[in-house]
Amino acid sequence: MSEIRKVVQALEQTAREILTLLQGVHQGPGFQHISKKCQKAREHFGTVRTQMESLKTKFPADQYYRFHEHWRFVLQRLVFLAAFVVYLESETLVTREAVAEILGIEADRERGFHLDIEDYLSGVLTLASELARLAVNSVTAGDYSRPLRISTFINELDSGFRLLNLKNDSLRKRYDGLKYDVKKIEEVVYDLSIRGLNKEATVSAGGEK
């Protein structure tokens, strides 16, 4: 038990380091260095994979759910961070399989230490909140096209979640927060349209990311 805790604490520390690194994109100059920050974050995920390998050795392979609560929170946080990196790189939603690969674990339950679907969905919902914040900060930084792209992405994400029958209580509560993220981004886009900045954004959005 204490062995599991030690590895989880190390994972939490690495997650904090990745988060601190990625928070830089919210500041004005950070917008010019997104690709560098993503590259650096991916290096940190190398450490995560090593720590995951260590965690796998600390309990019997067939008792994943017995100990799941120990690493559930940090795993959800790492899913969010991986999803944020992939979004910043390509403005796409990372798949569960791709996150599992980034973290060095399995997507398939039958193959051992894996990424539970609910942990994946929870991390994706945290991404939505982060993108709502990014939309606001993009305007401050003078990037008027990014909020429009974030709005499209979040609306598609919301549509996807509407198709799911969420039975997990905490996941359902997290999903309730998604509608506030949608509303927040809609307000940003509306404000841009009132100020006539969305036309400027549409014109300049050509290949800009």
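Analysis parameters
- Residues numbered from 1 in each chain as written.
- Predicted model: local features only at pLDDT ≥ 70, side-chain atom pairs only at ≥ 80, totals over all residues.
- Heavy atoms only, no water.
- UniProt positions renumbered as here; feature names shortened; annotations may be inferred.
- Helix = DSSP H or I, 4+ residues; strand = E, 2+ residues; numbered from the N terminus.
- Rg over C-alpha atoms; globule rule 2.2 N^0.38 Å.
- Contact = heavy atoms within 4.5 Å.
- Areas by Shrake-Rupley, 256 points an atom, 1.4 Å probe, with all protein chains shown as cover.
- Lys, Arg positive; Asp, Glu negative; His and termini not counted.
- Charge placed at Lys NZ, Arg CZ, Asp CG, Glu CD.
- Axes fitted to C-alpha atoms, helices over the stretch in contact; angles between N-to-C directions.
- Parallel < 35°, antiparallel > 145°, perpendicular 65-115°, else oblique.
- Nonpolar A, V, L, I, M, F, W, Y, C, P; charged D, E, K, R; others polar.
- Left-handed = near helix turned anticlockwise from the far one by under 90°.
- Core = buried A, V, L, I, M, F, W, Y, C linked by side-chain atoms within 4.5 Å.
- Buried < 20%, exposed > 50% of the residue type's maximum accessible area, 1.4 Å probe, protein only.
- Polar contact = N/O pair within 3.5 Å; in protein donor to acceptor, adjacent residues only side chain to side chain.

- As named in an unreviewed UniProt entry, the chain is Translin, taken from Lamprotornis superbus.
- UniProt, in its Subunit (unreviewed entry) section for the chain, records the words "Ring-shaped heterooctamer of six TSN and two TSNAX subunits, DNA/RNA binding occurs inside the ring."
- According to UniProt, the comment filed for the chain under the heading Sequence similarities (unreviewed entry) is "Belongs to the translin family."

### Some remarks on the overall build of the chain
- When helices and strands are tallied, the chain shows 8 helices and 0 strands.
- Element order for the chain, N to C, with α for helix and β for strand: α-α-α-α-α-α-α-α.
- The C-alpha radius of gyration of the chain comes to 18 Å, within 12% of the 17 Å expected for a compact globule of 209 residues.
- The principal-axis extent of the C-alpha atoms belonging to the chain is close to 60 × 35 × 25 Å.
- Considering only intrachain contacts with a sequence separation of at least 6, the fraction spanning at least 24 residues in the chain is 77%.
- Carbon and sulfur atoms make up 51% of the accessible area of the chain, which totals about 10,900 Å².
- Separation of charge centres in the chain, based on 30 positive and 29 negative side chains, amounts to 3 Å.

### Considerations on the packing of helix H1 (residues 2-23) against helix H2 (residues 34-56)
- Where H1 meets H2, the closest approach of the two axes is 10 Å, and the angle between their N-to-C directions is 175°. Taken together, H1 and H2 sit at an angle that is classed as roughly antiparallel. Counted together, Ile4, Val7, Val8, Ala10, Leu11, Thr14, Glu17, Ile18, Leu21 and Leu22 of H1 and Lys37, Lys40, Ala41, His44, Phe45, Thr47, Val48, Gln51, Met52, Ser54 and Leu55 of H2 form the full contact between these two elements.
- Per-class residue counts for the contact of H1 with H2 are 13 nonpolar, 5 polar and 3 charged.

### Section: the packing of helix H6 (residues 146-162) against helix H7 (residues 169-194)
- Packing of H6 against H7 brings their axes to within 10 Å, and their N-to-C directions diverge by 150°. With respect to their mutual orientation, H6 and H7 come out roughly antiparallel. Crossing of H6 against H7: the hand is left-handed. Residues Pro147, Leu148, Ile150, Ser151, Ile154, Asn155, Asp158, Phe161 and Arg162 of H6 lie in contact with H7, whose contacting residues are Tyr175, Leu178, Val182, Ile185, Glu186, Val188, Val189 and Leu192.
- Split into classes, the residues belonging to the contact of H6 with H7 amount to 12 nonpolar, 2 polar and 3 charged.

### Concerning the nonpolar core
- Counting residues in each nonpolar core, the largest one holds 63 residues, and the members touching the most others are Phe45, Trp71, Leu78, Leu103 and Ile154.
- With 16 residues, helix H3 (residues 64-90) is the single largest residue contributor to this core.
- Once residues lying within four places of it in the same chain are set aside, the contact partners of leucine 103 are Phe45, Val48, Arg49, Met52, Leu75, Leu78 and Val79.
- Counting 5 residues, the second largest nonpolar core, distinct from the first, contains Val139, Tyr144, Val188 and Leu197.

### Quick word on the side chain of aspartate 158
- Within the element layout of this structure, aspartate 158 appears in helix H6.
- A polar contact is formed between the side chain of aspartate 158 and the side chain of arginine 162, at a distance of 3.0 Å.
- A distance of 3.3 Å separates polar atoms of two side chains, one belonging to aspartate 158 and the other to tyrosine 175.

### Observations concerning the UniProt feature "binding site: Mg(2+)" (unreviewed entry) in the chain
- In this structure's numbering, the residues bearing the UniProt feature "binding site: Mg(2+)" (unreviewed entry) are Glu130.
- We classify glutamate 130 as buried; its relative accessible area is 10%.
- Residues contacting glutamate 130, with those up to four places away along its chain left out, are Gln23, His26, Phe80 and Phe84.

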